[in-house]
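Here's the letter readout for the chains.
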Amino acid sequence: MADFTCSVDADGIATITWDVPGKSMNVLNLEGAAELEAHVDSALADPAVAGVILTSGKKDFAGGMDLNVIAKMKESAGTDPAQGLFDGIMRFHALERKIELAGMDPRTKKGGKPIVAALPGTALGIGLEIPLACHRIFAADNPKAKIGLPEILVGIFPGAGGTTRLVRKLGPMAASPFLLEGKLSDPQRAKAAGIIDEVVAPDLLLARAKEWVLAATEADLVKPWDQKGYKLPGGAPYHPAGFMTFVGASAMVLGKTMGVYPAAKALLSAVYEGALVPFDTALRIEARWFTHVLMNPSSSAMIRSLFINKAALEKGANRPQVADQKVAKLGVLGAGMMGAGIAHVAASSGIQVILIDATQEAADRGKAHSQGLLDKGIKRGKVTADEKAEVLARITATADYAALSGCELVIEAVFEDPKVKAEVTAKAEAVLSETAVFATNTSTLPISDLAKASRRPAQFIGIHFFSPVDKMMLVEIIKGRDTGDTAVAKALDFVRQIRKTPIVVNDARFFYANRCIIPYINEGIRMVAEGVEPALIENAAKLVGLPLGPLQLVDETSIDLGVKIAKATRAAMGDAYPDGAVDTVLFAMADRARLGRKAGAGFYAYDDAGKRTGLWDGLSDLWPVAQVQPELTEVQHRMLFVQVLEAVRALEQGVLTDIREGDVGAILGWGFCPWSGGPFSWLDMIGAETAVQICDRLADAHGPRFAAPGLLREIAADGDSFYARFATAVQAA
Ligand code: NAD
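Residues numbered from 1 in each chain as written. Predicted model: local features only at pLDDT ≥ 70, side-chain atom pairs only at ≥ 80, totals over all residues. Heavy atoms only, no water.

## With respect to the environment of Val-327
Summarising the element assignment, Val-327 is placed in the loop between α12 (297-314) and β12 (329-333). With relative accessibility at 4%, the residue Val-327 sits in the buried group. For the pair Val-327 and Ala-609, spaced 282 residues apart in sequence, the C-alpha separation works out to 42 Å. Not counting residues up to four positions away in its chain, the partners in contact with Val-327 are Ile-351, Glu-408, Leu-409, Lys-490, Phe-494 and Gln-497. (Helix = DSSP H or I, 4+ residues; strand = E, 2+ residues; numbered from the N terminus. Buried < 20%, exposed > 50% of the residue type's maximum accessible area, 1.4 Å probe, protein only. Contact = heavy atoms within 4.5 Å.)

## Points about the pairing of strand β2 (residues 13-18)
Walk down a regular strand and you will see the side chains alternate between the two sheet faces. Taken across its six residues, β2 has five buried, putting it largely inside the fold. Two strands pair when backbone bridges link them, and strand β1 (residues 4-8) and β2 are joined in this way by five bridges, in the antiparallel orientation. For Thr-5, the partnering residue across the bridge sits in β2 and is Thr-17. Taking the residues that link successive antiparallel strands as the turn, the β1-β2 hairpin has four residues, and the phi of Gly-12 there is positive, at about 80°. Pairing of β2 with strand β4 (residues 51-56), which is carried by six bridges, proceeds in the parallel orientation. Looking at the pairing, Ala-14 lines up with Val-52 of β4. (Pairing = 2+ DSSP bridges.)

## A look at the pattern of salt bridges
Considering all chains together, one arrives at 45 salt bridges under this definition. The residue Arg-97 makes a salt bridge to Glu-100 at a minimum N-O spacing of 2.7 Å. On the criterion of helical spacing, the pair formed by Arg-97 and Glu-100 is a turn pair, its members being three residues apart in helix α3 (residues 81-101). In this pair, the class of Arg-97 matches that of Glu-100, namely buried. Residues Asp-280 and Arg-97 are paired through a salt bridge, measuring 2.9 Å at the closest nitrogen-oxygen approach. Of this pair, Asp-280 sits in helix α11 (residues 279-295) while Arg-97 is found in helix α3, placing the two residues 183 residues apart along the sequence. A relative accessible area of 10% means that Arg-97 is categorised as buried. Residues participating in the shared-partner salt-bridge network are Glu-96, Arg-97, Glu-100, Arg-165, Lys-223, Asp-226 and Asp-280. (Salt bridge = Lys/Arg side-chain N within 4 Å of Asp/Glu carboxyl O.)

## Observations concerning empty space enclosed by the protein
What the rule picks out here adds up to four cavities of 30 Å³ or more. Reported here for the largest cavity is a volume of approximately 50 Å³. For the largest cavity, the full set of lining residues is Thr-163, Thr-164, Val-167, Arg-168, Ala-270, Val-271, Gly-274, Ala-275 and Ala-282. Those elements giving two or more residues to the lining of the largest cavity turn out to be α5 (162-170) and α10 (262-274). Take the lining of the largest cavity: its biggest share by element is four residues, from α5. Counted by class, the lining of the largest cavity contains five nonpolar, three polar and one charged residues. (1 Å grid on protein atoms, 1.4 Å probe; cavity = no way out; pocket = protein on both sides within 12 Å on 5 of 7 lines; lining within 4 Å. Points joined across faces, edges and corners; volume = space filled by probe spheres on them. Nonpolar A, V, L, I, M, F, W, Y, C, P; charged D, E, K, R; others polar.)

## Quick notes on the pairing of strand β18 (residues 474-479)
Of all six residues in β18, five are buried, a share of seventy percent or more. Relative to β18, strand β17 (residues 460-465) runs antiparallel, the two being bridged by five bridges. Its bridge partner being in β18, His-464 is matched across the sheet by Glu-476. Pairing between β18 and strand β19 (residues 501-506): six bridges, direction parallel. The residue of β19 that forms the bridge with Ile-477 is Val-504. Note on the crossover from β18 through helix α18 (residues 485-497) to β19: the handedness is right-handed. (Right-handed = clockwise from strand over helix to strand, strands pointing away.)

## Quick look at the UniProt feature "domain: 3-hydroxyacyl-CoA dehydrogenase C-terminal" (unreviewed entry) in the protein chain
This chain's UniProt record puts "domain: 3-hydroxyacyl-CoA dehydrogenase C-terminal" (unreviewed entry) on residues 511-606. End C-alpha to end C-alpha, residues 511-606 measures 32 Å, and it is 66% helix and 3% strand. (UniProt positions renumbered as here; feature names shortened; annotations may be inferred.)

## Details of the environment of Pro-624
Relative to the helices and strands, Pro-624 resides in the loop between α24 (619-622) and α25 (632-652). For the pair Pro-624 and Asn-514, spaced 110 residues apart in sequence, the C-alpha to C-alpha distance is 30 Å.

## Remarks on the sheet that holds strand β6 (residues 115-119)
Here we have six strands laid out as an open sheet, ordered β1-β2-β4-β6-β8-β11, and mixed in their pairing. Only two strands of the sheet have a single partner each, and these edge strands are β1 and β11 (198-200). When strand polarity is set aside, the average angle formed by the axes of neighbouring strands in this sheet is 25°. Sheet topology places β6 next to strand β8 (residues 136-140); four bridges connect them, and they run parallel. (Axes fitted to C-alpha atoms, helices over the stretch in contact; angles between N-to-C directions.)

Here it is, written out as structure tokens:
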């Protein structure tokens, strides 16, 4: 069965319909592109065809390119993958240029046939790049549709003509949020931005497209950039206005990416150089920079983690084979910061929620959190008043445990105290059915210990959300010693319902994410104690693509929480506790009531409005800055290796069972250098042997926490890589 079909009506309108069999969303692969080209060729050659409408047989137009195509183009080129990619990209360009010129005489621009795109819904990536080559873009007035070019978010850029065409259509300045930030718009906003040309009532979409095709004149078919005297909107690079745009954009991109994302820089180069030359040359330049980005290991790693593997985990790559466990009614115990957030995301996904706290007032406060978020959504035009009412109607705030009757899943988010947790577990289980699953959102307490309070430990599990719940996309599912398959499937199906990304890990101190984040924070604090300039620590982290420096991070999560965790860890580990040097600093800060952002004082100073004003200048009185400072790379290696070695240990000890989860979880959970594709991808990128050498050096200089784990040494000795060894079903991009 074909991805594209074509039919010609009595008025000579050829409708090419994109409808990939067996998929809910169209994506383009090489075979599909060849089919589309064949239909375009025959429509242009057929004298009975007056014009063409390109549309979709699905509710959406297309989700983009099948990113596995990139791997195929590389592979098929044998020893010269860059040439293979460039040639492959240029074939897409040629197809789009064929649509754009539509059989015109190249000199007079006469004799072409109108080709328009009619988008019923979402059009992303190449699903918008192809329409941009058409003579007019019609979109159905469908507020749920998303239109845009999100490639930059997975480490590439729109390289099938989208960059060159959007810049020529809107001007570099207006195009930049769509290209550099991957901004998506609904059809009305896309029209206001000038990306698409007309928004039409859904039932009139094809009729209006046909009307335009039949009325189109030859002049309507010639794109501005194919007309004499075309000028780039906003000015080309050497025009005074254009000059300012490019100077500003370079600084902005570098400021935002810290230079670690090759795609953003390559995109800007493609735009800048493309703006200086004729259109067809600009397309070749775009293809060259695109090839350059695709050849960078960072883009392959980002595509693999953020696109292919993230999607595989969301689809249930590690779900046990048990019947559907979707949740219709959820119980949430504790309506504090986390409980209220969980209730909100669940109710927003259509789930009935019983939100319980110790008092009715506290439960109501939790529900009010949802109201606040919905009001914000209304202000931003993302939520309607009806939707708000529906979501709030799904949340029942109460102090009465009897209301939990009929809940298939309960998540507790009460105080981090085993006694309180045991108490609410028993109270809930007294009401729940035999098949219901009980989950804890604890961040530090072992699941297997908490499960002791349950009458049915096989149905007890950890579902660990990150704060703020409505924004953070990762959910860590933790199996206790006795957790059974149904509970895991229930947790996974619930996470899927609320459209977040799950990882499934085994029970061990701090599970996976916190296990890696805490050593990162500690390493930063340890360096303060050693006299490393705090600004060097913070900037070194940001310059390697970590979203927050360790000192800012501990200010955000609060220093008293750090103290609490340190005390509990010391109590659990006894003499083996390795972080005395860290605690000296942490406790000294707590003693001075510098508890972080919430106290308006921490490693940073804050103004009255709570805004950071810079690193606290009292730090150097307490921990004098050493005369000799370490190299930037040394500071970065320390902060990266404490995290990735913890990830390797988690894999070695069976806490992680799938490196894909290790990589995706690190990026979504704590923003670990997305450019790297995650800790395991990064180790593969630098090579295990190099990693071991760095570890040996760091361990000599700074202590055994940097000792290379046996697994890393083994992989180095075998000349192997993590993905080659562990990723069975994983297909690298
Ligand atoms: P919080 O203090 O904001 O909320 C706890 C809520 O539980 C309060 O509203 C309290 O009244 C309620 N509560 C206490 N005892 C109760 C009882 N017996 N019955 C019903 N309600 C009761 O705390 P939080 O930050 O939302 O954290 C809750 C849980 O989530 C903790 O286990 C914490 O470790 C975990 N967690 C927190 C974060 C975070 O960033 N804050 C992240 C992940 C997990």
